Amino acid sequence: MKGPMSGRKREAIAFYLFMLPWIVGILVLYAVPLVASLVLSFTNWDLFQTPQWVGLRNYTGLLAGEGTSFWLALRNTAYYAAILVPVNLAMSVAFALLLNQPIILRRWFRTAFYLPSTIPVVAVVMLWSWLLAPSGVINSILGLVGIDGPAWLVDPAWVKNGLIVMGVWQLGGGVVLFLAALQGIPRHLYEATMLDGAGAWRQFRSITVPMLSPIILFNLVNGIIGALQVFTQVYVVTQGHNAGALMMVPFLYENAFEFNKMGYASAIAVIFFVMIMLLTLIVLKWSRRWVYYEGEVN
Amino acid sequence: MKRRAVLRTMVAAGAATAVGLGMSACGSASQQGSADHANLIMTIWGSSNDTKTYQQRADAYTAQHPGVKVTVKNIPVDNYDQQVDTMIAGNSSPDIIEVNGTDGPSLASRGVVLDLGPKIQSAGLKLEDTVDAARVKGYNLKGKQFALPDRGGNLVFYYNKTMFDKAGVALPKAGWTWDEFTAAAQKLTIVQGGKTVQYGVAIDNWPQAVESVARSFGGTLLNDALDKPAIDSSQFRGGMQAYYDLAAKLKVSPTMKDYANFGQNVNRDALFAQGKTAMIWAGLWDVPDFVKQGLSFGIAPPPTVDPANPTMMAFGTGLAVGSRSKNQQAAWEVVKYMFSADGQKPIVTNQEDVPSATALIPEWEKSLPPGVSYAEVAQASNQVFSPQTPPQGAEIEKQVEQDLYPFFTGSASIDQATSTAAGHIKGILAGS
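Values in this document were obtained by computation on a predicted structure and should not be read as measured data.

1. A short note on the overall build of chain B
Turning to step 1, where the next piece is worked out: Per the secondary structure count, chain B includes 20 helices and 14 strands.
Turning to step 2, where the next piece is worked out: A compact globule built from 432 residues should have a C-alpha radius of gyration of about 22 Å, and chain B, at 23 Å, falls within 12% of that.
Turning to step 3, where the next piece is worked out: With the C-alpha coordinates aligned to their principal axes, the bounding extent of chain B is approximately 75 × 55 × 40 Å.
Turning to step 4, where the next piece is worked out: For chain B, restricting intrachain contacts to residue pairs at least 6 apart in sequence, the fraction spanning at least 24 positions comes to 74%.

This is the structure we're talking about:
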């Protein structure tokens, strides 16, 4: 005779039942394809024939093969992320600070700043293709101050900068997060420092930044990953023709789905995955020195 | 041995999982079904008129062979190759696959379309009796005929008659030279207040025009054996320089920067349709659009540099039989029928495109709008070429486009751009 199920056991069963969809999802949609990609990266597979084991050939071809575009794609992607992420972070904080001030039409400005991040990427590209045209609005404005603007989205040397400008315009999501965090900073902290004679800059450095630091970290990690994985805008702007904007994910995509080099594309995915993991770990480790979690203070 | 067996198992497991579909059943499917009873799937890309025309041609076969039914599946062109690949990998290969000369070799080299050679031979079919020999070669990879030519046509040169008449310039005709062409382009370019209001010609980096111009100067992307780049030859470089100079030096064509100012998706065809350029290299598919715009225009062969060199790339499509189709024999019979002049007739009657069957060309010419004659192009039919493409054709085409882009935007010399392209092509052909 089995006795009635203990509450603890029932709780455990309920836990696993509730977790089941997630566990199945992570295994089937992430873990298995991840392992499959790793295995495929050591093969030559054209989607139809049986994959052939080629050892490290895909990796050596990628890193040192004749005419490999891997380093170009990596350089372009690194350039894009290295400029876009810090600029976006700094501007998001700055706009959030401004929008946190008691200014007229504050609600309207908040909506206006968030609006661009709700527009589909393809529409953003259409708009900016017009704004950044060689004789477009931006260059006309630059012309007023005597600057001969470049062919932003045409010139291989400038196309990345054009894409960065597009990315910065869509910083609304970050601004909203910083704004929410700013409103969560207790007023008494500012009042206490004011009594101690701290000025605005000192308050910003000693209160605002530490209190915002978990959100800065969140935006930084997400920003790095998002920027490194940029795809749609690059594909729509260049249609894969402008090597000045050859980025890692489009490079992976074209090898896998246009040229049917699944093994080679898997090797790109593996290298890129390791790079992003390492970069994220470095940022997380570094963050221990500057991120302040209120809950950790007793 | 044991380790290798484990590795093989892992590889097979990984492959099957990545596709997420029944790859394990994807060995060479045995030929099943009979030639008289089958439900076939045919994949195509294009407009609703394309779907209608292919279905009509298929139904004409069904009328004679009631047991065979063909369903035409129109897939958006941007995803066509990926979707066909997915269907094949998912063990539901189309029975009949529309292919072109660039992507077809990729399917053939991966063994998913049949080598039709044995079937052609056993049917006693002489393809050259129906279509031009050059066109047949365009669907041949290393001696294997992977498709039968279906739709035809080739690159041609459009000119705006009104602009030519206004400028008092003689109309282009077969055999006109590059010098005559540039002189005409200069006369037809109109600049007002420092702004070009009418271009003599509109060029860009469209690969088919680029390759046709290169050919007219004696240059090719690859050598004859298709195993080495030839893009860094003096002929190719000379041709590209002359072509690009039309925009950069002679200023009779818009530059890539000018196109960016015209707006997204405004290309040479759009400029011609808008009456902003007097000449363009383009395909015959533009005829209905230009008629709709009410333009008075004509077509001619592009200018020649050396009469011995071809100037017009053959376009068109072919029909292949899926090697994983369960109804290969029935599919082959349908393809064979569609290849015949009778089977191609709806291409003409529906004004879909140019048929590949030479017997239908006179009838197709009659379907051209009043005032547009094909006579000059027909006179230069020896200038049509079908580029043979290696299995890596799509990758090479895209790489060349990327590598020539800095040249076309004025940020690299032709020597730099073609040397870079040659290095990349070598790597692609070597399999890296």
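2. Side note on the interface of chain B and chain A
Turning to step 1, where the next piece is worked out: Taken together, the contact between chain B and chain A spans 39 residues of the former and 41 residues of the latter.
Turning to step 2, where the next piece is worked out: Elements represented by at least two residues in the side of chain B that touches chain A include exactly α1 (2-19), α3 (80-89), α12 (256-262), α19 (393-408) and α20 (414-430) of chain B.
Turning to step 3, where the next piece is worked out: Among the residues making up the side of chain B that touches chain A, the classes are represented as 16 nonpolar, 15 polar and eight charged.

3. Let's talk about the domain arrangement of chain B
Interfaces are often sized by the amount of accessible area the parts lose when they come together.
Residues and elements named next belong to chain B.
Turning to step 1, where the next piece is worked out: Under the domain assignment used here, chain B contains domain 1 (27-152 + 317-372) and domain 2 (156-313 + 392-430).
Turning to step 2, where the next piece is worked out: Here the C-alpha centre of domain 2 lies 31 Å away from the C-alpha centre of domain 1.
Turning to step 3, where the next piece is worked out: With ten residues of domain 1 at the interface, the matching set in domain 2 holds eleven residues.
Turning to step 4, where the next piece is worked out: The class makeup of the residues in the side of domain 1 that touches domain 2 is five nonpolar, three polar and two charged.

4. Notes on the sheet that holds strand β10 (residues 279-282) of chain B
All names here are of chain B.
Turning to step 1, where the next piece is worked out: In space, the three strands of this open sheet follow the order β10-β7-β11, with antiparallel pairing throughout. Every other strand in the sheet has two partners, leaving β10 and β11 (297-300) as the edge strands with one partner each. Along the sheet, successive strands turn relative to each other by an average axial angle of 25°, direction set aside.

5. Quick notes on the environment of I216(A)
Residues and elements named next belong to chain A.
Turning to step 1, where the next piece is worked out: One can find I216 in helix α10 (residues 200-228).
Turning to step 2, where the next piece is worked out: The exposure class assigned to I216 is buried, which follows from the 22 C-beta atoms found within 10 Å.
Turning to step 3, where the next piece is worked out: For the pair I216 and P120, spaced 96 residues apart in the sequence, the C-alpha separation amounts to 25 Å.

6. Let's talk about the UniProt feature "transmembrane region" (unreviewed entry) in chain A
Turning to step 1, where the next piece is worked out: UniProt feature "transmembrane region" (unreviewed entry): in the numbering of this structure it lies at residues 12-40, 78-99, 111-131, 162-182, 211-231 and 262-284 of chain A.
Turning to step 2, where the next piece is worked out: The span residues 12-40 of chain A carries 100% helix and 0% strand; its end-to-end C-alpha distance comes to 37 Å.

7. Overview of the nonpolar core
A general trend in soluble globular proteins is that nonpolar side chains are found buried together.
Turning to step 1, where the next piece is worked out: Ranked by size, the top nonpolar core spans 176 residues in total, and within it V113(B), Y158(B), V201(B), V334(B) and V335(B) carry the most contacts.
Turning to step 2, where the next piece is worked out: It is helix α3 (residues 70-99) of chain A that provides the largest number of residues to this core, a total of nine residues.
Turning to step 3, where the next piece is worked out: A domain split of this core shows at least three residues from each of domain 1 (27-152 + 317-372) and domain 2 (156-313 + 392-430) of chain B.
Turning to step 4, where the next piece is worked out: Setting aside its immediate chain neighbours within four residues, V113(B) contacts I97(B), L107(B), A108(B), F146(B), A147(B), A320(B), V321(B), G322(B) and S323(B).

8. A word on the packing of helix α12 (residues 248-258) of chain A against helix α13 (residues 262-287) of chain A
All names here are of chain A.
Turning to step 1, where the next piece is worked out: At a minimum axis distance of 8 Å, the contact between α12 and α13 shows a crossing angle of 160°. Judged on the interaxial angle alone, α13 and α12 are roughly antiparallel. Viewed along their axes, α12 and α13 form a crossing whose handedness is left-handed. Contacts from M248, F251, L252, N255 and A256 of α12 reach α13 at M262, Y264, A265, I268, A269 and F272.
Turning to step 2, where the next piece is worked out: Across the contact of α12 with α13, the residue classes tally to ten nonpolar, one polar and no charged.

Here is what the cut-offs are and how they apply
- Residues numbered from 1 in each chain as written.
- Chains lettered and ligands numbered in written order.
- Predicted model: local features only at pLDDT ≥ 70, side-chain atom pairs only at ≥ 80, totals over all residues.
- Helix = DSSP H or I, 4+ residues; strand = E, 2+ residues; numbered from the N terminus.
- Rg over C-alpha atoms; globule rule 2.2 N^0.38 Å.
- Contact = placed C-beta atoms within 7 Å.
- Nonpolar A, V, L, I, M, F, W, Y, C, P; charged D, E, K, R; others polar.
- Domains from an automatic or database assignment.
- Pairing = 2+ DSSP bridges.
- Axes fitted to C-alpha atoms, helices over the stretch in contact; angles between N-to-C directions.
- Buried ≥ 20, exposed ≤ 12 C-beta atoms within 10 Å, placed from the backbone.
- UniProt positions renumbered as here; feature names shortened; annotations may be inferred.
- Core = buried A, V, L, I, M, F, W, Y, C linked by C-beta atoms within 7 Å.
- Parallel < 35°, antiparallel > 145°, perpendicular 65-115°, else oblique.
- Left-handed = near helix turned anticlockwise from the far one by under 90°.

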